[in-house]
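Results of the structural survey
The chain contents come next:
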Amino acid sequence: MRGDLAEAGFRVTSVRAESLLSERAVVRDPLVGWLDAAACRVALASMGYDLLAIARP
């Protein structure tokens, strides 16, 4: 992802896991959603089911 964004002219400032589980699993149970959010704080981006990239032109 970093390479693709850089090739498109963006400077990537961060990439992190936005979720470790599917959206369906996270929204079905509030406790699962809370646990997923807590785990994302310490998880490597490569472990993410969804990724969040912050990039600037």
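Look above for the structure.
Note that this is a predicted model, so its numbers are computed, not measured.

A word on the overall build of the protein
Regarding its fold elements, the protein presents 3 helices and 2 strands. Written out in order from the N terminus, the α and β elements of the protein read α-β-α-α-β. Scaling as 2.2 N^0.38, a compact globule of 57 residues should have a C-alpha radius of gyration of about 10 Å, whereas the protein reaches 13 Å, well beyond that. Considered along the principal axes of its C-alpha atoms, the protein spans approximately 40 × 20 × 15 Å. The 57 residues of the protein split such that 14% are buried. Residue pairs in contact within the protein that sit at least 24 positions apart in sequence constitute 67% of those at least 6 positions apart.

So, helix H3 (residues 30–40)
All of the buried residues in H3 are Gly 33, Asp 36 and Cys 40. For H3, the buried positions fall inside an angular range of 65° around the axis, keeping them on one side. Turned more than 90 degrees away from the buried face of H3 sit Leu 31 and Trp 34, all of them exposed. Check the buried side of H3 and you find it contacts strand E1 (11–19) and helix H2 (23–28). Residue Asp 29 occupies the N-cap position of H3, its side-chain oxygen lying 2.9 Å from the main-chain nitrogen of Leu 31.

What counts and how
Residues numbered from 1 in each chain as written. Predicted model: local features only at pLDDT ≥ 70, side-chain atom pairs only at ≥ 80, totals over all residues. Heavy atoms only, no water. Helix = DSSP H or I, 4+ residues; strand = E, 2+ residues; numbered from the N terminus. Rg over C-alpha atoms; globule rule 2.2 N^0.38 Å. Buried < 20%, exposed > 50% of the residue type's maximum accessible area, 1.4 Å probe, protein only. Contact = heavy atoms within 4.5 Å. Arc of directions from axis to C-beta. Polar contact = N/O pair within 3.5 Å; in protein donor to acceptor, adjacent residues only side chain to side chain.

These figures capture arrangement, not role.
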